[in-house]
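Here is what each chain is made of, one letter per residue.
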Amino acid sequence: QVQLVESGGGLVQAGGSLRLSCAASGRTFSIATMAWFRQVPGQEREFVAASSWRYGPTYYADSVKGRFTISRDKAKNTVYLQMNSLKPEDTAVYYCTARTGSGFSFSVVGYNYWGQGTQVTVSS
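Every residue gets a number counted from 1 within its own chain, in the order that chain's sequence is written. Only residues with pLDDT of at least 70 are given local features in this predicted model, and only at 80 or more are side-chain atom pairs given and counted; all residues enter the totals for whole chains, interfaces and linings. Each side-chain value is derived from all of the structure's non-hydrogen atoms; neither hydrogens nor water enter the calculation.

Asker: If you had to explain the packing of aromatic side chains to someone new, which residues and values would you point to?
Answerer: Classification of ring pairs rests on two measures: the distance between centres of Phe, Tyr or Trp rings, Trp counted by its six-membered ring, which must be within 6.5 Å, and the angle between planes, read as stacked under 30 degrees, edge-to-face over 60 and tilted in between. For the structure on display, the rule yields 8 aromatic pairs. With a centroid separation of 5.5 Å and an interplanar angle of 75 degrees, the aromatic rings of Phe 37 and Tyr 111 are classed as edge-to-face. Of the two residues, Phe 37 is situated in strand E4 (residues 33-39) and Tyr 111 in the loop between strand E9 (92-99) and strand E10 (113-114); the sequence distance between them amounts to 74 residues. Tyr 111 shares its class with Phe 37; the two are buried. With 5.6 Å between their ring centres and 80 degrees between their planes, Tyr 59 and Phe 106 make a pair best called edge-to-face. Put simply, DSSP marks the helices as runs of H or I at least four residues long and the strands as runs of E at least two long, and each gets a number from the N terminus on. Burial classes: relative accessible area under 20% of the type maximum marks a residue as buried, over 50% as exposed, and values in between as partly exposed (1.4 Å probe, protein chains only).

Printed below as a string of structure tokens:
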């Protein structure tokens, strides 16, 4: 089992920045990919960014490319999502997730473990 705990959400004005953190524990050696998804009430959970746990590369949704950066600190078993130039449409609950299978996935069904989510609200 892998446990994921997110932190760093909050309220920010449009154009501002936030950094989300996700601490992994448990069988972290089994993790192949870490990712962030987000969800607005009444909508499907959508892919935001992903990173290989061991080697990189990274992938981003078109809507966040150039504004968000995913990074990892293996020594701390932590993955981060740096969010800059935030827009009101970035408002959502952000979820950290881990995949133990090889390769990447941009779908929620491709991930085994999920955090509890952290709210990000961007005011206009």
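Asker: Tell me about the state of the cysteines, residues and numbers included.
Answerer: Pairs of cysteine sulfur atoms within 2.5 Å are what we label disulfides. Tallied over the entire structure, the rule returns 1 disulfide. The partner cysteine of Cys 22 in its disulfide is Cys 96, sulfur to sulfur 2.0 Å. Because the sign of the S-S torsion sets the handedness, a value of about -80 degrees for the bond joining Cys 22 and Cys 96 places this disulfide among the left-handed ones. In this pair, Cys 22 sits in strand E3 (residues 18-26) while Cys 96 sits in strand E9, placing the two residues 74 residues apart along the sequence. Residue Cys 96 is classed as buried on the basis of its relative accessible area of 0%.

Asker: Can you lay out the side chain of Thr 118 for me, pointing to particular residues and giving the numbers?
Answerer: Its place among the elements puts Thr 118 in strand E11 (residues 118-123). Accessibility expressed as a relative area gives 11% for Thr 118, which makes it buried. Nitrogen and oxygen atoms within 3.5 Å of one another constitute a polar contact, given that in protein one can donate a hydrogen and the other can accept it, and given that sequence-neighbouring residues count only through two side-chain atoms. Within the structure, the side chain of Thr 118 is placed 3.2 Å from the backbone nitrogen of Gly 9, a separation counted as a polar contact. If near-sequence neighbours (up to four positions away) are discounted, Thr 118 is found in contact with Glu 6, Gly 8, Gly 9, Leu 20, Ala 92, Val 93 and Tyr 94. Contacts are residue-level and defined by heavy atoms, with any inter-residue pair within 4.5 Å sufficient.

Asker: Run through the sheet that holds strand E7 (residues 68-73), naming residues and quoting values.
Answerer: Strand order across the open sheet formed by 4 strands is E1-E3-E8-E7, with antiparallel pairing between neighbours. This sheet does not close on itself; its edge strands, each paired only once, are strand E1 (2-7) and E7. For this sheet, the mean angle separating the axes of adjacent strands, direction not counted, is 20 degrees. The criterion for strand pairing is that DSSP finds at least two bridges linking the strands in question. Here 6 bridges tie E1 to E3, and the two strands are oriented antiparallel to one another. The partner of Ser 7 across the bridge, within E3, is Ser 21. In this description, a line fitted to the C-alpha atoms serves as the axis of each element, helices being fitted only across the stretch in contact, and the angle between N-to-C directions of two axes falls anywhere from 0 to 180 degrees.

Read these as layout, nothing more, since geometry by itself doesn't imply function.
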